[in-house]
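Listed below are the residues making up each chain.
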Amino acid sequence: MAHRSVYRGLLFASPWIVGFLVFQLVPIIASAYYSFTNFNLFQDPQFVGLHNYQRLTSDDLFWKSLFNTVYLTVFGVPISLTAALIAALALNMRVRGQWFFRTVVFLPTVVPVVAATYIWRWLLNGQYGFVNEALAAAHLGQPLWLDDPPWTKPALILMSLWVTGSAMIVFLAALQDVPGIYYEAATIDGAGLWAKFRHITIPLISPVILFETIIAGIFTLQYFTQAYLLSQTRFNAASGGPENSLLVYGLYLFQQGFVNLNMGYASAMAWVLLFVALAGTLLLLRLSRNRVFYAGE
Amino acid sequence: MRASDAVAVEIRSPNGILPKVEHPTLGRASALAARYLVLFGIAALYLFPFAVVVSTSLKPATEIFSLPPRLGSDHWTFDNYKAAFDAMPFWRYLFNTGFISTVTVIGQLFSSSIVAYSLAKIRWRGRDALLILIVATMMLPPQVTMIPVYIAWNRIGLTGTYLPLLVPQFFGNAFFIFMLRQFFRGIPEELLDSARLDGASELRIYWSIVLPLARPALVALAIFAFMWAWTDFLLPLIYINDPQQYTLSIGLYSFFSEHGVAWGALMAAATLMSAPLIVVFLFGQRQFLQGIAFTGIK
């Protein structure tokens, strides 16, 4: 009986298992192999040992792209998750018609990324854009955004604030799971709004915050489409933006692999990315060890 | 939580002094007003870009580049939509995108649900290990597999077709499997056990008991899969070369490449491309939002 159920379980799970082998495990191994070769798709791969990895260490664009991606992860993730949490707190208030506001905040997340990115290219237009118009109305400085190297990455982060809907919904669900009795007890003890947020809300939703941080971090490390479209000048030509300030890691990997057809070199880059993602996740888990509160323990 | 306000007012605080209650109706009314003020402020921020897009798409070129920029217009026009239709075979792209999205939904509905059934409803040794493996693959950057998979499709001569986009959809997706597994676990075991006693096969239980009960989760999955396929940019960019096969994403991208500063037509095209998804979202939003909350999915 036990044997039969293992057989049955595997049979039902077989679509994923086969897909995993064909589209993930074998490619990962192949990718490791290609990373030790020179391969341009038309000739057979040539084994070159660690050459690709050595070349990476002296490739300025590699370091630039790594810097850009780390910049976006370190600044972008906390900023956009904070915005999502603030929105979730507001959308958790008990008022009539709340469904309308939740729909509105989620709506931009539904807009196809290509359309959303062009919309922001227009909004961030240095001369005719509405963002600078709003800044002018508030008597603030008006950067040239996508044309000014120090401002391109903040522009990307600003754009990401518009599409925080998914994180917002997850936070909202977590907030609704916090038992109301805790707040009632705190109110009786005379706790203010901030104290309740700091000592009840944050600890109780901290596992969700950690999960969202890891997911958003991994997502940002893979960033590609938005940077590609914001720095695009012609068809199949994403420039990387002024002074390569938008050349994120995924974009440089794409250029090496699919534009220059340096498949071996791009595979080496992919493996470095895998290790960065792994190291980042472990670091985050370690840093959070004493700060995340699991109700079950 | 519902009773918290009333409780706070009625129960004495520990030191025996009644909690300070401001003018009851006035205080409550102004608190409510403050809440709505915050909510409408947030809504305005999120809606404003939509207003700009629609307004830009309905303006003549002469007004688009006006200083200072403004939302209103003296000469509303549909010319930009006409220009967008003239510049690209919109209906062709719409059909291509719809085709890819539909096949993706069908493939994911069947493959992800049967794997989720194995993980949630069949008791077998090794299933917990498999679940951990599936969740772990969510962390894998797609760039690692992208290049070898492309090389393989290229070697068997199938780049330039939809197959590299469609075939993987029939092998399940880690996010969807996890989402459905969470939902399936809520379906009472007694229901399945009594069917098993009656001699029903697992396949039959999966098909005639679990799937009908899981309709809300399946709807959420379908909306997700549809939207992801509809919006995808990287895979069509890599695999599709023939303009006749372009999806809306690639079509919009090539339109921008050729007519970069034609903002009016570009915003019209962006509106046309987004509208179907917004409609799908508005119809299915309840299931959709619940689906996200289920897994913490992105």
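About the thresholds
- Residues numbered from 1 in each chain as written.
- Chains lettered and ligands numbered in written order.
- Predicted model: local features only at pLDDT ≥ 70, side-chain atom pairs only at ≥ 80, totals over all residues.
- Helix = DSSP H or I, 4+ residues; strand = E, 2+ residues; numbered from the N terminus.
- Buried ≥ 20, exposed ≤ 12 C-beta atoms within 10 Å, placed from the backbone.
- Contact = placed C-beta atoms within 7 Å.
- Core = buried A, V, L, I, M, F, W, Y, C linked by C-beta atoms within 7 Å.
- Domains from an automatic or database assignment.
- Nonpolar A, V, L, I, M, F, W, Y, C, P; charged D, E, K, R; others polar.
- Axes fitted to C-alpha atoms, helices over the stretch in contact; angles between N-to-C directions.
- Left-handed = near helix turned anticlockwise from the far one by under 90°.
- Expected span 1.5 Å × (residues − 1).
- pLDDT = per-residue confidence, 0-100.
- Parallel < 35°, antiparallel > 145°, perpendicular 65-115°, else oblique.

(A) Inspection of the overall build of chain A at higher detail. Along the backbone of chain A there are 13 helices and four strands. Summarising its shape, the C-alpha atoms of chain A cover approximately 75 × 75 × 35 Å along the three principal directions. A total of 297 residues make up chain A; the buried ones form 43% of that total. Here the contacts in chain A between residues at least 6 apart in sequence split such that 70% fall between residues at least 24 apart.

(B) Molecular detail of the overall build of chain B. Helix and strand counts for chain B come out as 15 helices and zero strands. Summarising the internal contacts of chain B: among those between residues at least 6 apart in sequence, 74% fall at separations of at least 24.

(C) How the structure looks around the nonpolar core. The biggest cluster of nonpolar side chains holds 149 residues, and the ones touching the most others in it are Phe171 of chain A together with Ile177, Leu180, Leu221, Leu252 and Ala270 of chain B. A domain split of this core shows at least three residues from each of domain 1 (20–77) and domain 2 (88–295) of chain B. Leaving out residues up to four positions away in the same chain, Leu221 of chain B has contacts with Gln108, Leu109, Ser112, Phe176, Met179, Leu180 and Gly291 of chain B.

(D) View of the interface of chain A and chain B. Listed as interface residues are 81 residues of chain A and, on the opposing side, 82 residues of chain B. It is helix H1 (residues 2–34) of chain A that contributes the most residues to the side of chain A that touches chain B, 18 residues altogether. Its residues placed into classes, the side of chain A that touches chain B shows 59 nonpolar, 17 polar and five charged.

(E) Spotlight on the domain arrangement of chain B. Residues and elements named next belong to chain B. Split by domain assignment, chain B resolves into domain 1 (20–77) and domain 2 (88–295). Centre-to-centre separation of domain 1 and domain 2, based on C-alpha positions: 35 Å. Across the contact, seven residues belong to domain 1 and six residues belong to domain 2. Looking at the side of domain 1 that touches domain 2, the elements that each hand over two or more residues are helix H2 (24–57) and helix H3 (61–64). Counting residues per element, the side of domain 1 that touches domain 2 draws most heavily on H2, which supplies four residues. For the side of domain 1 that touches domain 2, the residue count by class is four nonpolar, two polar and one charged.

(F) Quick look at the packing of helix H3 (residues 60–91) of chain A against helix H7 (residues 149–162) of chain A. All names here are of chain A. Remark: H3 packs on H7, axes separated minimally by 9 Å, with the N-to-C direction vectors making an angle of 30°. Here the hand of the crossing between H3 and H7 comes out right-handed. The segment H3 lies against H7, with Asn68, Tyr71, Leu72, Phe75, Gly76, Ile79, Ser80 and Ala83 engaging Lys153, Leu156, Ile157, Ser160 and Leu161. Its residues assigned to classes, the contact of H3 with H7 comprises eight nonpolar, four polar and one charged.

(G) Representation of helix H12 (residues 215–231) of chain B in the model. In this model H12 of chain B runs 24 Å from its N-terminal to its C-terminal C-alpha over 17 residues, within 8% of the 24 Å that 1.5 Å per residue would give. The buried count for H12 of chain B comes to 13 of 17 residues, which makes it a mostly enclosed element.

(H) Expanded view of the confidence of the model for chain B. Residue and element names in this part refer to chain B. When pLDDT is averaged along chain B, the result is 86, and 89% of the positions lie at 70 or above. Predicted confidence in chain B is weakest over helix H1 (residues 4–10), with a mean pLDDT of 32, and strongest over helix H8 (residues 163–166), with 97. Confidence metrics for the complex model read pTM 0.88 and ipTM 0.88.

(I) Local environment of the environment of Arg55 of chain A. Of note, Arg55 of chain A is situated in helix H2 (residues 51–57). Arg55 of chain A sits in the partly exposed class, given 15 other C-beta atoms within 10 Å.

(J) Focus on unusual backbone geometry. Residue and element names in this part refer to chain A. For Trp145, which is not glycine, the phi torsion reads 50° and is therefore positive. Residue position: Trp145 is located in the loop between helix H6 (130–137) and H7. Despite not being glycine, Glu243 has its phi angle at roughly 50°, a positive value. Looking at the secondary structure, you find Glu243 in the loop between strand S4 (237–238) and helix H12 (249–259).

(K) Region of the structure containing the environment of Ser73 of chain B. All names here are of chain B. Looking at where Ser73 falls in the secondary structure, it is placed in the loop between H3 and helix H4 (79–87). When the 15 C-beta atoms within 10 Å are taken as the criterion, Ser73 is described as partly exposed. Once residues within four sequence positions are removed from consideration, Ser73 is found in contact with Ser55, Leu58, Lys59 and Glu63.

(L) Structural context of the packing of helix H10 (residues 193–221) of chain A against helix H13 (residues 263–287) of chain A. Residue and element names in this part refer to chain A. Relative orientation of the contacting elements H10 and H13 amounts to 160°, with a least axis distance of 10 Å. With respect to each other, H10 and H13 are oriented roughly antiparallel. The interaxial crossing formed by H10 with H13 has right-handed handedness. Of the residues in H13, those touching H10 at Thr213, Ile214, Gly217, Ile218 and Leu221 are Leu273, Val276, Ala277, Gly280, Thr281 and Leu284. Here the contact of H10 with H13 is built from residues that sort into seven nonpolar, four polar and no charged.

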